[in-house]
Amino acid sequence: LAQSLLALFASSLAISLVFAIIPLCHNVVVLAVVMAVAGLAMGCIDTISNMQLVKIYQKDSAIFLQALHFFVGFGALLSPLIADPFLSDTNCILANGTANASSNLPHIRKSLVPHHPGNLSHYDLPMKGMVVTRVSYAFWIMALINLPVPIAVFFLLYKERMVPCFNGSSHPLLSADELALETRPGDKDELSTAGQRPHTAAGHEDLFSCCQSKNFRGASYTYFAVHITGALVLFMTDGIVGEYSGFVYSYAVEEPLSVVHKVAGYLPSLFWGFITLGRLISIPVSYRMKPATMVFINVVGVLITFLLLLIFSSSVVFLFVGTASLGLFLSSTFPSMLAYTEDILQYKGCATTVLVTGAGIGEMVLQLLVGSIIHDRGSYSFLVCGMIFGCLAFTFYTLLVFFHRMYPKPSPELDEASPDKAAVPEDTGQYQR
């Protein structure tokens, strides 16, 4: 836990520093390095937060994962609204004697059509001169908004007596959370057993224990198959999120739809808005419904939505309806798949790293793939690609269910005979997981 909290503190602090530095980068190489640091920090936060929720709450983790990913979607919806007031409708660089050139930009935007991108070359835009922009304020505001996060993590480290310089007489916070969980009927023995199990399992307390080869000795092929198929499902579904939000605008403004540019600009916002709404709805739903059922509904819903989008490809109204529907079905796929896979693998947290990595790679690779295909084959291939990715996601989910049925279940007799069952955790006030 100490390693995870320290990594979260360093990563969240790095994000604030990166956003503060970005407006000061006057070289593209320096900017690329800074953005790479931001990506690394965000990847650490994504993996560790998911993994720790799974380890802490185990069978109850589905609800907390849905809440976590609701805030992910909420942030993705909110941050463009923060940046929007600082974006200019005019050219940001004014050359000497060409100050009125900035007035050309709105006309350029109106005259640009997808079939004639060469129109841009008819206008002489200044590339050197006085920079007139307020976009730096957006980055600095985001840096300030994020700053309370590392402060809160450091406070948690301090309260848990995990800061070497501040091992005072502070009272821990997480022991109260454990007491609240243990008051639930029928769960007390299970939670006390889970609280001791990591201390008896070699290497389980280490943040990087999943990477140790000794943990793979004697593992059945279904163990690896569950990891791989789960990661492939998220590779496809998160890839769909990335490619749809990235290219639905380009698809809408092309023929046969030819949606007005300003109206088409609402589609990505609508998509992310319904992803956020779906994750909010999924918090109470996940309390009643099993993660496997939720993933099945999500994957089938994505397939049906893409099929209807293909059938009604000439309808602008259904494009908006389909975008909202797709956002709802994709919203809870990641947290539900995480909870389902960890449930199969006894909540050890190892699957989380594999699944988060698979989802990130899918979001990166499928955007590149779809972008090149649209460029060569036209806008209709955007929906065809989505349909193919949806079919692959359903196929991999079916394989995951198949391997789940073959995966060996823990023997209840071994649990009863385990010395952990009789062990009573000593109340030291420290977090026992």
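As the structure is a computational prediction, the values presented were derived from the model and not from experiment.

Caption draft 1: Molecular detail of the overall build of the chain. Along its length, the chain carries 18 helices and two strands. For the chain, the proportion of its 433 residues judged to be buried stands at 41%. Of all intrachain contacts in the chain linking residues separated by at least 6 positions in sequence, the fraction that spans at least 24 positions is 75%. Accessible area for the chain stands at about 23,300 Å²; split by element, carbon and sulfur atoms hold 68% of it.

Caption draft 2: How the structure looks around helix 11 (residues 266-288). The end-to-end C-alpha distance of helix 11 is 33 Å, a good match for the 33 Å that 23 residues give at a rise of 1.5 Å each. Largest kink in helix 11: about 40 degrees, centred on S282, with the proline P284 one to four residues after it. Among all positions of helix 11, only L267, P268, F271, I275, T276, G278, R279, S282 and S286 are buried. On its buried side, helix 11 packs onto helix 3 (61-83), helix 9 (221-253), helix 10 (261-264), helix 12 (291-311) and helix 13 (316-331).

Caption draft 3: Examining the nonpolar core more closely. Ranked by size, the top nonpolar core spans 65 residues in total, and within it Y244, F306, L319, M337 and F382 carry the most contacts. The element best represented in this core is helix 9, accounting for 15 residues. There are two domains that each give this core at least three residues, and those are domain 1 (1-90 + 133-164) and domain 2 (220-409). Setting aside chain neighbours within four positions, we find M337 in contact with G230, V233, L234, V295, L355, Y397 and L400.

Caption draft 4: Spotlight on unusual backbone geometry. P256 follows E255 through a cis peptide bond whose omega is 10 degrees. Of note, P256 is situated in the loop between helix 9 and helix 10. Residues other than glycine seldom take positive phi values, yet S258 does so here, at roughly 50 degrees. Residue position: S258 is located in the loop between helix 9 and helix 10. According to the relative accessible area criterion, S258 is partly exposed, its value standing at 43%.

Caption draft 5: Fine view of the side chain of S49. Its location among the elements puts S49 in helix 2 (residues 28-57). With relative accessibility at 17%, the residue S49 sits in the buried group.

Caption draft 6: The arrangement of the packing of aromatic side chains in detail. The full count for this structure, using the stated rule, is 17 aromatic pairs. Ring geometry for Y244 and F306: centres 6.2 Å apart, planes at 75 degrees, overall edge-to-face. Within this pair, whereas Y244 is found in helix 9, its partner F306 is found in helix 12, the two being separated by 62 residues in sequence. Here Y244 falls in the buried class, since its relative accessible area comes to 0%. On the accessibility criterion, F306 (0% relative accessible area) is buried. Between Y244 and F382 the ring centres are 5.3 Å apart and the planes differ by 35 degrees, which places this aromatic pair in the tilted class. Of this pair, Y244 sits in helix 9 while F382 is found in helix 16 (residues 381-406), placing the two residues 138 residues apart along the sequence. Pairwise contacts between aromatic rings join Y244, Y251, F271, W272, F306 and F382 into one cluster.

Caption draft 7: Quick look at a nonpolar patch on the surface. Together, I304, L307, L308, I311 and F312 line one region of the surface with nonpolar side chains, adding up to about 440 Å² of accessible area. You can see L308 is positioned in helix 12. Classification of L308 as partly exposed rests on a relative accessible area of 31%.

Caption draft 8: Region of interest: the environment of L280. Position of L280 among the secondary structure elements: in helix 11. The exposure class assigned to L280 is partly exposed, which follows from its relative accessible area of 41%. Taking the C-alpha atoms as reference, L280 lies 8.8 Å from F71; in sequence the two are 209 residues apart.

Caption draft 9: Examining the confidence of the model for the chain more closely. Across the chain, pLDDT averages 77, with 71% of residues at or above 70. No element of the chain has a lower mean pLDDT than helix 18 (residues 419-422), at 40, and none a higher one than helix 12, at 94. Confidence drops under a pLDDT of 50 for residues 97-123, and excluding neighbours within four residues, the segment shows 26 contacts in the predicted structure. Between residues 182-204, whose pLDDT stays under 50, and residues either more than four places distant or in other chains, the model counts 28 contacts.

Caption draft 10: Representation of the environment of A359 in the model. Looking at where A359 falls in the secondary structure, it is placed in helix 15 (residues 350-377). Considered as a pair, A359 and A231 are 128 residues apart in the sequence and their alpha carbons are 6.7 Å apart. Non-local contacts of A359, meaning those with residues more than four positions away in its chain, are made with L234, F235, D238 and F334.

Caption draft 11: Representation of the packing of helix 9 against helix 15 in the model. At a minimum axis distance of 6 Å, the contact between helix 9 and helix 15 shows a crossing angle of 40 degrees. With respect to their mutual orientation, helix 9 and helix 15 come out oblique. The element helix 9 and its partner helix 15 pack so that their crossing is right-handed. Here the residues of the contact of helix 9 with helix 15 are counted per class, giving 17 nonpolar, eight polar and three charged.

Caption draft 12: Examining the side chain of S282 more closely. Its place among the elements puts S282 in helix 11. Polar contacts involving the side chain of S282 include one to the main-chain carbonyl oxygen of G278, which spans 2.7 Å. With residues near it in sequence (within four places) discarded, S282 still touches Q66, M294, S331 and S332.

What counts as what
Residues numbered from 1 in each chain as written. Predicted model: local features only at pLDDT ≥ 70, side-chain atom pairs only at ≥ 80, totals over all residues. Heavy atoms only, no water. Helix = DSSP H or I, 4+ residues; strand = E, 2+ residues; numbered from the N terminus. Buried < 20%, exposed > 50% of the residue type's maximum accessible area, 1.4 Å probe, protein only. Contact = heavy atoms within 4.5 Å. Areas by Shrake-Rupley, 256 points an atom, 1.4 Å probe, with all protein chains shown as cover. Expected span 1.5 Å × (residues − 1). Bend = angle between axes of the 7 residues up to and from the residue. Core = buried A, V, L, I, M, F, W, Y, C linked by side-chain atoms within 4.5 Å. Domains from an automatic or database assignment. Phe/Tyr/Trp six-rings, centres within 6.5 Å; stacked < 30°, edge-to-face > 60°. Patch = residues over 30% accessible without salt bridge, like charges linked within 9 Å, V, L, I, M, F, W, Y side chains within 5 Å. Salt bridge = Lys/Arg side-chain N within 4 Å of Asp/Glu carboxyl O. pLDDT = per-residue confidence, 0-100. Axes fitted to C-alpha atoms, helices over the stretch in contact; angles between N-to-C directions. Parallel < 35°, antiparallel > 145°, perpendicular 65-115°, else oblique. Left-handed = near helix turned anticlockwise from the far one by under 90°. Nonpolar A, V, L, I, M, F, W, Y, C, P; charged D, E, K, R; others polar. Polar contact = N/O pair within 3.5 Å; in protein donor to acceptor, adjacent residues only side chain to side chain.

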